[in-house]
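# Analysis of the macromolecular model
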Amino acid sequence: MKSISRLIKTGAVLALTAVMTFTSVSGAPSALYAKTYKGTNENYQDYPQNWSDVMYSNLLVTENGLVRVQAGAIEGKLLIEYYDNNYKLVSTKKVNLELPIFGAVATDGKNFYVLTGKTNYECSDSAEVYRITKYSSKWKKLGSDSLYGANTMVPFEAGSARMVTQGDYLYVRTCHKMYSGHQANVTISFNTKKKKISYSAVMVKRTPTGYVSHSFNQFLGIDGDSFIGIDHGDAYARAICLYKCSAELSAKNNSGKYVSLMDIPGANGDNYTGVEIGGFEISKDTYIVAGNKIDDFNNPRSVRNVFVAYVDKNLKSKSKVVKLTKYDSTDSNVSTPQMVKLSDDRFIVLWESDGVVNYTLIDGKGKKKTKVYQMKGSLSDCQPVLYNGYVTWYTWKNELVVFNRINAAHISKTSSKVAQGVEALQDFSNATHFNEGIYSTICSYYINNTLTGLEAIIYDKYYNEVQNVKYLVHDSELKIALINTSCESITIPQTLTYNDKKYTVTGIGDSPFRGEYSQIKAITIPGTITNISSTAFNGLDKELTLNVKTKKSNYNKIVNLLKDTDLSDEATIKRINPATY
């Protein structure tokens, strides 16, 4: 069996942390805006080469509403955002990762559970490698427990990590690189009341939950009193594997049952399988997995199509594979699909091809109940959830977080909404796009359920001038962009009002004063600032004066932010008494 190395997906993760999002215009100085992280999560659920990855983007449905948990946005921390029913940001938290490597997050509707890990290249049995931590609804740590050694060199290696709760237990299905250097699956159960790990399967041996190596993606579910584990195997076994056993996991219990939902052609240990799986659900009568596979296993470049594989719950009948798509050109190759349960026998399967999201309704045996619908947008590593009657997931790309929705009762109806409840602009669908050679995309708005890319629409009538600083203003969303100023000193306002709506200025972006604007000698900063880009003062005079207009109790916080920027040691920072702008 071949040894494998972990594939790391690059690109930092976006965080929207202020009252309103402020983006920048390329070719002009950057902007005053809420702190963002460049990159995207679009298509991060996809793994067409060999193995999958953990889900850094998570939506959790709780008794307090919808919670976005984003790993990777802030080094060593989880970014946690609470949204109301209109996707308006209500509050934000940052929680330290217990161990350096993020694995998974789950909720029982009230409490939260986070799985983290740590490398153990020394193969020490006393080294902590997995930790499960329980948090309250307000993210107060309630307790944790760990696995040590656990035949683990690298946790979450070359696979995913998923968790579900049932009764007093949290169940984990994940993977690791073992002491031998090979990769396999891992199963853990955690008593949520005692906050103790009650079971783990980490060794190369028969277990009721099933040993699979290599296991390139993992899913799990609880069906009554049964535990169901799903693996994408490339060797032992080379198949989409299903293991079923009692949910009362115990090292003494070896009565698990194995089913191959779909055998995969090829040699054992050949990392390339031509198969991806992206969803597992439990129907009234069956266990069903959604995936894609190449049509010709002798030609790795052949077209991929979406399928579902299912087996009756009694595991006595042979499993069946149902092809959902009939693409015949590699130009239409499909992404890793995802699946959402609407009811006991209704499921939506989603996939991306030709730059659009496709989806259809199926029953528990893969029979299509509707035609294939399409919506503009993308899938991501955010597993869609059913929330308030909508199949919901989010994507982010640079300055925008977008919630995408499919009406579960009328699935032909879709919508997308910019995070924080930003209202759509008036329809500029027919507006002229110009200055495209000078300005980059300002933003994309979702108008009348249709994605409309408004690339560099710069009209004088949308400018609003405040104290010699020009701001780009649209009806219900404010984009602050410093366009032109000849002043040696400027004052950043703490709020701006446009169309009777007030916006709070909370951040200073990347290099807003560079180039021809370097004549600025003094900048007054309001006390509302909570984040400042590390390159905020790039190109300015070394002896720049910064007046921090805030109360004493807030002054040191802003000074600490300034210390993390490219501000010269010769610059002067001083506090001035706050006043109404």
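Residues numbered from 1 in each chain as written. Predicted model: local features only at pLDDT ≥ 70, side-chain atom pairs only at ≥ 80, totals over all residues. Heavy atoms only, no water.

A word on the overall build of the protein. A count of helices and strands for the protein gives one helix and 42 strands. In the protein, which comprises 581 residues, the share counted as buried stands at 59%. Taking contacts inside the protein between residues at least 6 apart in sequence as the whole, the part at least 24 apart equals 56%. Of the accessible surface of the protein, which amounts to about 24000 Å², a share of 44% is contributed by carbon and sulfur atoms. (Helix = DSSP H or I, 4+ residues; strand = E, 2+ residues; numbered from the N terminus. Buried < 20%, exposed > 50% of the residue type's maximum accessible area, 1.4 Å probe, protein only. Contact = heavy atoms within 4.5 Å. Areas by Shrake-Rupley, 256 points an atom, 1.4 Å probe, with all protein chains shown as cover.)

A word on the pattern of salt bridges. Under the counting rule described, the total for this entry stands at ten salt bridges. Across the salt bridge formed by Arg131 and Glu98, the nearest N and O atoms sit 2.7 Å from each other. Note that Arg131 is positioned in strand 7 (residues 128-135) and Glu98 in the loop between strand 4 (89-96) and strand 5 (101-107), a separation of 33 residues in sequence. Under the relative-accessibility criterion, Arg131 is labelled buried at 16%. Measuring nitrogen to oxygen at the nearest pair gives 3.8 Å for the salt bridge that ties Lys341 to Asp344. Classification of Asp344 as partly exposed rests on a relative accessible area of 47%. Via salt bridges that share partners, Glu98, Glu128, Arg131 and Lys141 belong to a single interconnected network. (Salt bridge = Lys/Arg side-chain N within 4 Å of Asp/Glu carboxyl O.)

Turning to helix 1 (residues 552-563), a few remarks are in order. For helix 1, spanning twelve residues, the distance from its first C-alpha to its last is 17 Å, which sits close to the expected 16 Å at 1.5 Å a residue. Buried within helix 1 we find Asn554, Tyr555, Ile558, Val559 and Leu562. The buried residues of helix 1 all sit within an arc of 145° when viewed along its axis, so they share a single face. In this structure, helix 1 carries Ser553, Asn556, Lys557 and Lys563 as exposed residues pointing more than 90 degrees from its buried face. Considering only its buried residues, helix 1 is in contact with strand 39 (522-526), strand 40 (531-532), strand 41 (545-549) and strand 42 (572-576). (Expected span 1.5 Å × (residues − 1). Arc of directions from axis to C-beta.)

Summed over all chains, the structure comprises 13 aromatic pairs. Ring centres of Tyr113 and Phe190 lie 6.5 Å apart, and the angle between their planes is 70°; on these two criteria the pair is classed as edge-to-face. Separated by 77 residues along the polypeptide, Tyr113 in strand 6 (residues 112-117) and Phe190 in strand 12 (residues 183-191) bring together distant segments of the chain. Assigned by exposure class, Tyr113 and Phe190 land together as buried. The ring of Phe219 carries Arg162 above its face, with NZ or CZ at 3.8 Å from the centroid. One Lys or Arg, Arg405, reaches over the ring of Tyr390 and ends 3.8 Å from the middle of that ring. (Phe/Tyr/Trp six-rings, centres within 6.5 Å; stacked < 30°, edge-to-face > 60°. Lys NZ or Arg CZ within 6 Å of the ring centre and 35° of its normal.)

The subject of this paragraph is the sheet that holds strand 14 (residues 213-223). Across the sheet, four strands lie side by side as 14-15-16-17; this open sheet has antiparallel pairing. In this open sheet, the two edge strands, each paired with only one partner strand, are strand 14 and strand 17 (257-263). Between one strand axis and the next, the sheet turns by 20° as a mean value, whatever way the strands run. Note: strand 16 (residues 239-246) against strand 17, six bridges, orientation antiparallel. Looking at the pairing, Lys244 lines up with Lys257 of strand 17. (Pairing = 2+ DSSP bridges. Axes fitted to C-alpha atoms, helices over the stretch in contact; angles between N-to-C directions.)

Before going further, it helps to examine unusual backbone geometry. The residue after Ser213, namely His214, is reached through a cis peptide bond having omega -15°. If you trace the backbone, His214 turns up in strand 14. In this model, Tyr236 is joined to Ala237 through a cis peptide bond whose omega is 5°. Relative to the helices and strands, Ala237 is located in the loop between strand 15 (226-236) and strand 16. Notably, Asn151 is not glycine yet its phi reads approximately 55°, a positive angle. For Asn151, the location among the structural elements is in the loop between strand 8 (141-148) and strand 9 (152-155). Accessibility expressed as a relative area gives 11% for Asn151, which makes it buried. Located in the positive-phi region is Lys195, a residue other than glycine, with phi close to 55°.

These results come straight from atomic positions and should not be treated as a statement about function.
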